[in-house]
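The primary structure of each chain is shown beneath.
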Amino acid sequence: MLASSLIDGGMNWWEAILTIFLGNTIVLVPMILNGHAGAKYGIPFPVFARASFGVRGANVPAILRAIVACGWFGIQTWIGGFALYLMFKIWIPSFENLPQIFPASFGLQTGPAITFFLFWLLNMYVVYIGVDSIKKLLVFKAFFLPIAALALLFWAISAGHGLGPILSQPSKFATNADFWNYFFPGLTGMVGFWATLSLNIPDFTRYAKSQRAQITGQALGLAPSMTLFSFIGVVVTSATFIIYGETIWDPLVLAGKFESKLLVTVAMICVTISTLATNIAANIVSPANDFSNLSPSKINFRTGGYITGIIGILIFPWKLIADPTGYIFTWLIAYSSLLGPVGGIMIADYYFIRKQNLEVNDLYSSNGKYSFGNGFNSVAIIALLCGIIPNVPGFLTTIKVMDVGTVYPWIAHLYNYAWFVGFAVSFFIYLILMKRKNVF
């Protein structure tokens, strides 16, 4: 969907692939830099964040990341639920024409709403019985997804009469200016896709055998694999225009067009199972722990998981991925404007203030050197706000809360570079203020 959204936005195949490769290469840098602390000290992200934000202040970046994870939970739940909907309507055609029960402003049809809620309940049931129950599903997913992707690729090449016609489709941009106006927000969206993991990568690198292992693993695992899967997405999406006369960027919608009921059913069941496994492992565990950390005596992991599920509905995920524009410009770029500043602060602190030296015991002490008196590092909070504020006008104009004419165009345009702007502003402000404060 990530790659296909760029094709639908007007790029040709190599422009989309290059954008994704560049985005993944860029975000690889903060991933490796933040991963260093995990491999060296064996600490997870919330603990690592205490060095810069304070033992209590670390809850701020943890909750920002948790809210984003809730959004991803909602999106993944919608995808899994929509797969069920496509399967149901194949066998029960009337399921597509159920009476409308939601207001038009919701943008939600009754059939997809029912399957979305059913799939949401299934996710919450897994939270109730424990996440260990999906281990086998994760193994299944690891084998199924590459096979399914390759099967789609071979179908696209066959039905699209070879790669030639598919890859010869031109860019839809009339001028170079039109391309660059789409490229930079698209690049920011590609970086934003991994903005969460670029922060909480210590959660994984803490188990690495060495720094070389975490660097090599990420370098080989991120950009090459993302580029390969993106190439498949680009080819399949380009082929849909040749085959159906329209660009279909959603693989579920595409699979729903196949004539074989059995093929569609098997495909949708597999997508649902693999999405459930991904959702629990990637989008429930992290925010549930973050919410629980706010008040361990009142919020256990299970309650944190329920909170994640409720926020995942309230974020209206069906609207976020209703079209590629909303997926990239509203979702990916918006949350990158929140997480970019956090990354800038953590890297500035670890490499330029602490010189990669941390007192691990103090990270777990409310009275240690990372308590900053009241548990909060005010410099980090100030730097965080300074990194977020420049992107606010552009976000408000993007979601149509503010009129474009009410702000200077260059200020609104900063939003197209949200992750980069937030990262740079917070990085330098944190560095300057911490050196002046001299509390480290």
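Quick note: structure is the one above.
Bear in mind that the values here come from a model prediction, so they are computed numbers and not experimental data. (Residues numbered from 1 in each chain as written. Predicted model: local features only at pLDDT ≥ 70, side-chain atom pairs only at ≥ 80, totals over all residues. Heavy atoms only, no water.)

Things to note about the pattern of salt bridges
Okay, step 1: Enumeration over the complete set of coordinates arrives at 4 salt bridges.
Okay, step 2: A salt bridge links Asp 290 to Arg 65; its shortest N-O distance comes to 2.6 Å. With a gap of 225 residues between them, Asp 290 in helix 16 (residues 285-294) and Arg 65 in helix 5 (residues 59-91) connect regions that are remote in the sequence. You'll find Asp 290 and Arg 65 in the same group, each marked buried.
Okay, step 3: The residue Lys 89 makes a salt bridge to Glu 96 at a minimum N-O spacing of 3.7 Å.
Okay, step 4: Owing to a relative accessible area of 25%, Lys 89 belongs among the partly exposed residues under this scheme.
Okay, step 5: A single salt-bridge network, built from bridges that share partners, covers Arg 65, Asp 203 and Asp 290. (Salt bridge = Lys/Arg side-chain N within 4 Å of Asp/Glu carboxyl O. Helix = DSSP H or I, 4+ residues; strand = E, 2+ residues; numbered from the N terminus. Buried < 20%, exposed > 50% of the residue type's maximum accessible area, 1.4 Å probe, protein only.)

What about the packing of aromatic side chains?
Okay, step 1: Within this structure, the stated rule accounts for 32 aromatic pairs.
Okay, step 2: Between the aromatic rings of Tyr 85 and Phe 95, the centroid separation amounts to 5.9 Å while the plane-to-plane angle is 40 degrees, which identifies the pairing as tilted. Of this pair, Tyr 85 sits in helix 5 while Phe 95 is found in the loop between helix 5 and helix 6 (110-129), placing the two residues 10 residues apart along the sequence. Across this residue pair, the class does not change: Tyr 85 and Phe 95 are buried.
Okay, step 3: Seen in terms of ring centroids, Phe 316 and Trp 318 are 5.0 Å apart; in terms of plane orientation they differ by 25 degrees. Their pairing is stacked. (Phe/Tyr/Trp six-rings, centres within 6.5 Å; stacked < 30°, edge-to-face > 60°.)

A look at the side chain of Ser 274
Okay, step 1: Relative to the elements of secondary structure, Ser 274 occurs in helix 15 (residues 261-283).
Okay, step 2: On the basis of relative accessible area, Ser 274 is assigned to the buried category, the value being 4%.
Okay, step 3: With sequence-adjacent residues up to four places away left out, Ser 274 is seen in contact with Lys 141, Phe 144 and Leu 145. (Contact = heavy atoms within 4.5 Å.)

Some points on unusual backbone geometry
Okay, step 1: A positive phi angle, near 55 degrees, is found at Lys 355, a position not held by glycine.
Okay, step 2: Mapped onto the elements of the fold, Lys 355 is located in the loop between helix 19 (324-353) and helix 20 (360-363).
Okay, step 3: Taking relative accessible area as the criterion, Lys 355 reaches 52% and is therefore assigned exposed.
Okay, step 4: Notably, Gln 356 is not glycine yet its phi reads approximately 65 degrees, a positive angle.
Okay, step 5: As for its position among the elements, Gln 356 is in the loop between helix 19 and helix 20.

Thoughts on the layout of surface pockets
Okay, step 1: In this structure, the second largest pocket spans a volume of roughly 340 Å³.
Okay, step 2: Trp 78, Phe 82, Asp 250, Ile 321 and Ala 322 are the residues nearest the centre of the second largest pocket, which is lined by 16 residues in total.
Okay, step 3: Counting only elements with at least two residues in the lining of the second largest pocket, the list comes to helix 5 and helix 14 (251-255).
Okay, step 4: If one sorts the elements of the lining of the second largest pocket by residue count, helix 5 sits on top with 3 residues. (1 Å grid on protein atoms, 1.4 Å probe; cavity = no way out; pocket = protein on both sides within 12 Å on 5 of 7 lines; lining within 4 Å. Points joined across faces, edges and corners; volume = space filled by probe spheres on them.)

Comments concerning the packing of helix 1 (residues 2-9) against helix 9 (residues 176-193)
Okay, step 1: Remark: helix 1 packs on helix 9, axes separated minimally by 11 Å, with the N-to-C direction vectors making an angle of 170 degrees. One element, helix 1, and the other, helix 9, form an angle in the roughly antiparallel class. Seen from helix 1, the contacting residues are Leu 2, Ser 5, Leu 6 and Gly 9; seen from helix 9, they are Tyr 182, Gly 186, Met 190 and Phe 193. (Axes fitted to C-alpha atoms, helices over the stretch in contact; angles between N-to-C directions. Parallel < 35°, antiparallel > 145°, perpendicular 65-115°, else oblique.)

A word on the environment of Ala 267
Okay, step 1: Summarising the element assignment, Ala 267 is placed in helix 15.
Okay, step 2: Here Ala 267 falls in the partly exposed class, since its relative accessible area comes to 25%.
Okay, step 3: Linking Ala 267 and Gly 38, residues 229 residues apart in sequence, is a C-alpha distance of 38 Å.

Description of helix 24 (residues 418-437)
Okay, step 1: For helix 24, spanning 20 residues, the distance from its first C-alpha to its last is 28 Å, which sits close to the expected 28 Å at 1.5 Å a residue.
Okay, step 2: Within helix 24, the full set of buried residues consists of Ala 418, Trp 419, Val 421, Gly 422, Phe 423, Ser 426, Phe 427, Tyr 430, Leu 431 and Met 434. (Expected span 1.5 Å × (residues − 1).)

What about the packing of helix 5 against helix 16?
Relative orientation and spacing of two packed helices are given, respectively, by the angle between their axes and the distance between those axes.
Okay, step 1: The interhelical angle for the contact between helix 5 and helix 16, taken along N-to-C directions, is 140 degrees, at an axis separation of 9 Å. Here helix 5 is positioned oblique relative to helix 16, judged by the angle of their axes. Crossing geometry of helix 5 relative to helix 16 is assigned as left-handed. Touching Asn 59, Ala 62, Ile 63, Arg 65, Ala 66, Ile 67, Ala 69 and Cys 70 of helix 5 are Ser 286, Pro 287, Asp 290, Phe 291, Asn 293 and Leu 294, all from helix 16. (Left-handed = near helix turned anticlockwise from the far one by under 90°.)

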